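Observations on the model geometry
Residues per chain, in single letters:
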Amino acid sequence: MTPMAARVALRFYNRHDSEKRIFMAEIESDVFTIGRSTDCQVCLDDEDVSRHHARIERSGNRWTITDLGSTNGIVIEGQRIRRAALAHGDSFRLGDTVLELQERTAP
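This is a predicted model, so every value here is computed, not measured.

This brings us to the nonpolar core. Counting 24 residues, the largest nonpolar core has Leu10, Phe32, Ile34, Ile65, Phe92 and Leu94 as its most contacted members. Residue contributions to this core peak at 3 residues, all from strand β1 (residues 7-14).

Strand order in the open sheet formed by 6 strands is β2-β1-β11-β10-β7-β8, and the pairing between neighbours is antiparallel. The two strands at the open ends of the sheet, each matched to only one other strand, are β2 (23-28) and β8 (79-81). For this sheet, the mean angle separating the axes of adjacent strands, direction not counted, is 35 degrees. Strand direction decides the pairing type here: β1 and strand β11 (residues 97-104), joined by 8 bridges, are antiparallel. Paired with valine 8 across the bridge in β11 is glutamate 103.

Below, the discussion takes up the pairing of strand β3 (residues 31-35). Taking burial as the measure, the 5 residues of β3 include 4 buried ones, the bulk of the element. Pairing analysis gives 4 bridges linking β3 to strand β5 (residues 54-59), with the strands arranged antiparallel. Bridge pairing in β5 links threonine 33 to arginine 55.

The backbone of lysine 20 sits at a positive phi, close to 50 degrees, despite the residue not being glycine. Position of lysine 20 relative to the elements: it lies in the loop between β1 and β2. Of note in this structure, glutamate 77 is not a glycine but carries a positive phi near 50 degrees. Structurally, the position occupied by glutamate 77 is in the loop between β7 (74-76) and β8. Residue classification places glutamate 77 among the exposed residues on the basis of a relative accessible area of 77%.

Alternating positions in strand β9 (residues 83-86) separate cleanly, Ala84 and Leu86 being buried on one face and Arg83 and Ala85 remaining unburied on the opposite face. Bridge count between strand β6 (residues 62-67) and β9: 4 bridges; the pairing is antiparallel. Looking across to β9, one finds that tryptophan 63 is bridged to leucine 86.

Within a sheet, neighbouring strands are paired by backbone hydrogen bonds and run either parallel or antiparallel to one another. Judged by pairing direction, the sheet is mixed, and its 5 strands sit side by side in the order β4-β3-β5-β6-β9 without closing on themselves. Two strands close off the open sheet at either side, each with one partner strand: β4 (42-43) and β9.

This part covers the pattern of salt bridges. Under the definition given, this model contains 8 salt bridges. The closest approach of N and O atoms between arginine 15 and aspartate 96, which form a salt bridge, is 3.1 Å. Taken as a pair, arginine 15 in the loop between β1 and β2 and aspartate 96 in the loop between β10 (91-94) and β11 lie far apart in primary sequence, 81 residues in all. Taking relative accessible area as the criterion, arginine 15 reaches 39% and is therefore assigned partly exposed. According to the relative accessible area criterion, aspartate 96 is buried, its value standing at 15%. Here the residues in one salt-bridge network are Arg7, Glu26 and Arg104, joined through shared partners.

Definitions and limits used
- Residues numbered from 1 in each chain as written.
- Predicted model: local features only at pLDDT ≥ 70, side-chain atom pairs only at ≥ 80, totals over all residues.
- Heavy atoms only, no water.
- Core = buried A, V, L, I, M, F, W, Y, C linked by side-chain atoms within 4.5 Å.
- Buried < 20%, exposed > 50% of the residue type's maximum accessible area, 1.4 Å probe, protein only.
- Helix = DSSP H or I, 4+ residues; strand = E, 2+ residues; numbered from the N terminus.
- Pairing = 2+ DSSP bridges.
- Axes fitted to C-alpha atoms, helices over the stretch in contact; angles between N-to-C directions.
- Salt bridge = Lys/Arg side-chain N within 4 Å of Asp/Glu carboxyl O.

So far we have only geometry, and geometry alone does not tell us how the molecule works.
Dropping the structure here:
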């Protein structure tokens, strides 16, 4: 029996948005990319985000985010990182976009 792909949601907003408009992206995959390019699973409209900015992948119950050579990097708790573990509820910033990983249970 093949294991099911993970279901996650990314909750995100522009950190300079005074109205704090929040968007959601639902993904059902163990690996996905985030960037400005339309071939990314999560496409962000943020000029400070690279076309292929970051990859998030699951291994077992653990999530990892990896910088794909972006110009502005990934920021977690004020620190620029190249790779880091993520858990449900963790936030990170790409360009001016703040994202939060939310695990979803399978239907």
